[in-house]
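A look at the structure
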Amino acid sequence: MQQIAFNEISAAEVSAIPAMKQLKLFFAFKVDEDCLNGNPTDPRFGVVERAGRRIYRFRSDDDYRIYFTVEKNEDGDNVVVVQRVLHADSLKDFFFRSGMGSDSEDRKLGKSRSFWKLIDDGEKAARKK
């Protein structure tokens with residue numbers, strides 16, 4: 001079992017999701033070592049990369065996307081840090097407004113400066129305690 005931490009932005013995004021959908025979303029969100037090594041066996045996981053940066057993506061059955069990083073705590077254990085929680089509809093709108101083509105979702109996001117700004121904003125936000 002891994003510790004999951006949220007920043008203020010991702011906590012607010014999760015709180016906007018109805019409670020039962022939140023439970024379903026996080027019940028399905030199981031991060032394993034294959035995922036963290038960049039070789040996810042579960043097709044719902046993916047990796048978005050750009051200029052040496054890596055962020056992981058989990059795609060739920062309810063069309064939510066969890067974008068997260070992994071850090072080590074003081075004991076050397078992995079901590080999954082949720083940077084953003086977005087719905088597929090908000091991503092479609094993002095792609096439309098950004099004029100992005102028909103590449104795969106992860107590839108599109110990897111190329112997008114606007115996406116990395118979203119992630120940067122999440123990483124800079126204070127963690128919820």
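One structure accompanies this document, and this report is about it. Here the structure is a predicted model, which means the values were calculated and not measured.

A short note on the overall build of the chain
Broken down by element type, the chain carries six helices and five strands. Reading the chain from its N end, one meets helices and strands in the order β-α-α-α-β-β-β-β-α-α-α. Scored against the burial criterion, the 129 residues of the chain give a buried share of 39%. Within the chain, counting contacts between residues at least 6 apart in sequence, those at least 24 apart form 51% of the total. If you sum the accessible surface of the chain, you get close to 7,700 Å²; carbon and sulfur atoms cover 50% of it.

Some words on the sheet that holds strand 2 (residues 45–50)
Overall, mixed pairing links the five strands, which are arranged 1-5-4-3-2 in an open sheet. Of all strands in the sheet, those bounded by a partner on one side alone are strand 1 (3–6) and strand 2. Sheet twist, expressed as the average angle between the axes of neighbouring strands with direction ignored, equals 35 degrees. Summarising the sheet, strand 4 (residues 64–72) and strand 5 (residues 78–87) pair through nine bridges and their orientation is antiparallel. Opposite Tyr64, over in strand 5, you have His87 as the bridge partner. Against the sheet, helix 1 (residues 8–15) makes contact with strand 1 and strand 5, and its axis sits at roughly 55 degrees relative to strand 5, the strand it touches most. Against the sheet, helix 6 (residues 113–124) touches strand 2, strand 3 (53–59), strand 4 and strand 5, its axis set at about 130 degrees to strand 5.

Comments concerning the nonpolar core
In terms of nonpolar packing, the biggest core is built from 16 residues, with Phe29, Val31, Ile66, Phe68 and Val85 touching the most fellow members. Of all the secondary structure elements, the ones that give two or more residues to this core are helix 3 (33–36), strand 3, strand 4 and strand 5. Residues contacting Val31, with those up to four places away along its chain left out, are Gln2, Leu36, Phe45, Phe68 and Val80. Listed in part, the eight residues of the second largest apolar core include Val48, Ile55, Phe115 and Ile119.

Some details on the side chain of Glu13
Among the structural elements, Glu13 can be located in helix 1. Since its relative accessible area comes to 17%, Glu13 is described here as buried. Among the polar contacts listed, one links the side chain of Glu13 to the backbone nitrogen of Val85, at a separation of 2.7 Å.

Section: the pairing of strand 5
With nine of its 10 residues buried, strand 5 lies for the most part within the structure. The pairing of strand 1 with strand 5 spans four bridges and is parallel. Residue Gln3 lies in a different strand from strand 5, and its bridge partner there is Val79. Between the end of strand 4 and the start of strand 5, which pair antiparallel, lie five residues, with Gly76 showing a positive phi angle near 85 degrees.

A word on the packing of aromatic side chains
The geometry of an aromatic ring pair is captured by two quantities: the separation of the ring centres and the angle between the planes. One pass over the full model with this rule turns up eight aromatic pairs. Relative to Phe26, the ring of Phe6 lies with its centre 5.6 Å away and its plane at 80 degrees, an arrangement referred to as edge-to-face. Residue Phe6 is located in strand 1, and its partner Phe26 is located in helix 2 (residues 19–28); the two are separated by 20 residues in the primary sequence. For the ring pair Phe29 and Phe45, a centre distance of 6.3 Å and an interplane angle of 25 degrees mean the geometry is stacked. Of this pair, Phe29 sits in the loop between helix 2 and helix 3 while Phe45 sits in strand 2, and the two are 16 residues apart along the sequence. Judged by its relative accessible area of 6%, Phe45 is buried. Among the aromatic residues, those joined into a cluster by ring pairs are Phe6, Phe26, Phe29, Phe45, Tyr56, Phe58 and Phe68. Sitting over the face of the ring of Phe27, Lys30 holds its NZ or CZ atom 4.5 Å from the ring centroid.

Cut-offs and rules
- Residues numbered from 1 in each chain as written.
- Predicted model: local features only at pLDDT ≥ 70, side-chain atom pairs only at ≥ 80, totals over all residues.
- Heavy atoms only, no water.
- Helix = DSSP H or I, 4+ residues; strand = E, 2+ residues; numbered from the N terminus.
- Buried < 20%, exposed > 50% of the residue type's maximum accessible area, 1.4 Å probe, protein only.
- Contact = heavy atoms within 4.5 Å.
- Areas by Shrake-Rupley, 256 points an atom, 1.4 Å probe, with all protein chains shown as cover.
- Pairing = 2+ DSSP bridges.
- Axes fitted to C-alpha atoms, helices over the stretch in contact; angles between N-to-C directions.
- Core = buried A, V, L, I, M, F, W, Y, C linked by side-chain atoms within 4.5 Å.
- Polar contact = N/O pair within 3.5 Å; in protein donor to acceptor, adjacent residues only side chain to side chain.
- Phe/Tyr/Trp six-rings, centres within 6.5 Å; stacked < 30°, edge-to-face > 60°.
- Lys NZ or Arg CZ within 6 Å of the ring centre and 35° of its normal.

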